[in-house]
Amino acid sequence: MTLLTAVIVLFVALGVFFTLVAAIGVLRLPDVYTRSHAATKADTLGAGFTIVAVGIYFGTTGEILRTILLLVFIYITNPTAAHSITRAAYSQDIEVWTTDENDTTAERGGDSP
């Protein structure tokens, strides 16, 4: 395995990891606000690492330029879309998750015992 292949595999593995974290976050988190946060941060990183791996794999000047433009596009549009979704949820009075029904600290009146 050459060094270039190892770098490509590393970036693809990082991309898959962050995309998996985003998917788990969207499935497990309780409300639209936290789901949006998980999807935006982790998915942007996952797509970014994967696109960098593709750019390194092909390696021509044109492909590297296209991957850089795609990265800029993703890094601008993903947070903007998440902000729009959460702002729309807020304007529609979607409730924010506050406590878990199994949480005993809320019954005691705070974090201190």
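Our structure's up above, just so we're on the same page.
The paragraphs below set out a description of the structure included in this document. (Residues numbered from 1 in each chain as written. Predicted model: local features only at pLDDT ≥ 70, side-chain atom pairs only at ≥ 80, totals over all residues. Heavy atoms only, no water.)

1. Some remarks on the overall build of the protein
In plain terms, the rule: Helix and strand labels come from DSSP, where a helix needs a run of H or I of at least four residues and a strand needs a run of E of at least two; each type is numbered from the N terminus. Between buried and exposed lies partly exposed: a residue is buried under 20% and exposed over 50% of the maximum accessible area for its type, with that area taken using a 1.4 Å probe on protein chains only. By the convention used here, residues are in contact when the closest approach between their heavy atoms is within 4.5 Å. Here, Shrake-Rupley sampling with a 1.4 Å probe gives the accessible areas, and only protein chains in the shown set may cover a residue.
Each helix and strand in the protein was counted, giving four helices and zero strands. Walking the protein from its N terminus toward its C terminus, one meets helices and strands in the order α-α-α-α. Looking at the protein as a whole, 20% of its 113 residues qualify as buried. Within the protein, contacts between residues separated by at least 24 positions form 69% of all contacts whose residues are at least 6 apart in sequence. About 8,200 Å² of surface is accessible on the protein, with carbon and sulfur atoms providing 67% of the total.

2. A look at the environment of leucine 27
Tracing the backbone shows leucine 27 in helix H1 (residues 3-28). The spacing of leucine 27 and alanine 38 is eleven residues in sequence and 9.9 Å in space, taken between C-alpha atoms.

3. A word on a nonpolar patch on the surface
Defined as follows: In this analysis, a patch consists of residues with relative accessible area above 30% that form no salt bridge, clustered at 9 Å for like charges and at 5 Å for the nonpolar side chains Val, Leu, Ile, Met, Phe, Trp and Tyr. One side-chain nitrogen of Lys or Arg within 4 Å of one carboxyl oxygen of Asp or Glu is enough to make a salt bridge.
A contiguous nonpolar patch, built from Ile64, Ile68, Val72 and Ile76 and spanning about 340 Å² of accessible area, is present on the exposed surface. Within the secondary structure, isoleucine 76 is located in helix H3 (residues 61-91). Relative accessible area serves as the criterion here: at 52%, isoleucine 76 is assigned to the exposed category.

Without other data, these values stay purely geometric and don't point to any function.
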